[in-house]
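Examining the three-dimensional arrangement
For reference, the chains in residue letters:
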Amino acid sequence: MEHDPAARSALEIVLLYPGFKALRAHKRAQWFLKHNMPFTARLISQRCAHKTGIEIHPGATIGKRVCIDHGSGIVIGETTEIGDDCMIYQGVTLGGTGKDTGKRHPTIEHGVMIGAGAKVLGPITVGHNAKVAAGAVVIKDVEPNATVIGVPGSIVRIDGDRVDDLNRQNRKRQGIRPASTTQTAR
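Residues numbered from 1 in each chain as written. Predicted model: local features only at pLDDT ≥ 70, side-chain atom pairs only at ≥ 80, totals over all residues. Heavy atoms only, no water.

1. Focus: the sheet that holds strand β5 (residues 81-82)
Defined as follows: Strand pairing follows a simple DSSP-based rule, namely that at least 2 bridges must link the two strands. The secondary structure listing takes helices from DSSP runs of H or I that are at least 4 residues long and strands from runs of E that are at least 2 residues long, numbered from the N terminus.
With parallel pairing, four strands are arranged side by side in an open sheet as β2-β5-β8-β11. The two strands at the open ends of the sheet, each matched to only one other strand, are β2 (61-62) and β11 (125-126).

Below, the structure is given as structure tokens:
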């Protein structure tokens, strides 16, 4: 209820929110997978995907207090790891690139927010309290407390400070003058 101001009661969340239902089904599916019943685990996972539009592989590791808001279209791959207190919006893909073996999916650390339609691909790490903007495509590691935007994703803020401001401050400390932005006419 902390993450969704539209939620009126815990009962409403339990009975009506597809993200909550998908996370609950994932726990059941993961139990079957851990007890060497992969077919039953996948059956639960696929049935849930059909009902909610949220596909979570039973092998994914998901922390506590993860919130999936308006979850339609979410895909979470087999080797994905999600920390505690994360917020995931609709249309997010935590997937692989098809090039990797073993750990193929991202690690999302604690407190991360991933905006609608974002794609986080490959065996990368998104650091704690980072924010991934809606529609971003992230294919490289993200520092803790950073904000990533764009395609491909690039860091624009760290600890709330704009990255270009930090670069200017570092240049001043090192005695480097900024490059001229004027162009000469030919």
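2. Some words on the pattern of salt bridges
So the rule is basically this: The term salt bridge refers to a pairing of a side-chain nitrogen on Lys or Arg with a carboxyl oxygen on Asp or Glu at a separation within 4 Å. We call a residue buried when its accessible area falls under 20% of the maximum for its residue type, exposed when it is over 50%, and partly exposed in between, using a 1.4 Å probe and counting protein chains only.
One pass over the full model with this rule turns up three salt bridges. In this structure, the salt-bridge partner of R104 is E78, at a minimum N-O distance of 2.8 Å. Of this pair, R104 sits in the loop between β7 (93-95) and β8 (107-108) while E78 sits in the loop between β4 (75-76) and β5, placing them 26 residues apart in sequence. What makes R104 partly exposed here is its relative accessible area of 26%. Residue E78 is classed as partly exposed on the basis of its relative accessible area of 33%. The salt bridge partner of K103 is E81, with a shortest N-O separation of 3.8 Å.

3. What about the pairing of strand β14 (residues 146-149)?
By the bridge criterion, two bridges tie strand β12 (residues 131-132) to β14 in an arrangement that is parallel. Across the sheet, the residue bridging to V132 is V148, located in β14.

4. Side note on the confidence of the model for the protein chain
Stated formally: pLDDT is a per-residue confidence score from the predictor, ranging from 0 to 100. For this analysis, residues touch if any pair of their heavy atoms sits within 4.5 Å.
Per-chain confidence: the protein chain averages 86 in pLDDT, with 87% of residues scoring 70 or above. The low-confidence segment residues 176-186, where pLDDT is below 50, has two contacts with residues more than four positions distant or belonging to other chains.

5. Some remarks on unusual backbone geometry
Residue P152 is reached from V151 by a cis peptide bond, and omega for that bond is -10°. Residue position: P152 is located in the loop between β14 and β15 (154-158). Phi at D85 takes a positive value of approximately 60°, unusual for a residue other than glycine. The exposure class of D85 is partly exposed, given its relative accessible area of 33%. Positive phi is not limited to glycine here, since N129 has a value of about 60°. With respect to the secondary-structure elements, N129 resides in the loop between β11 and β12.

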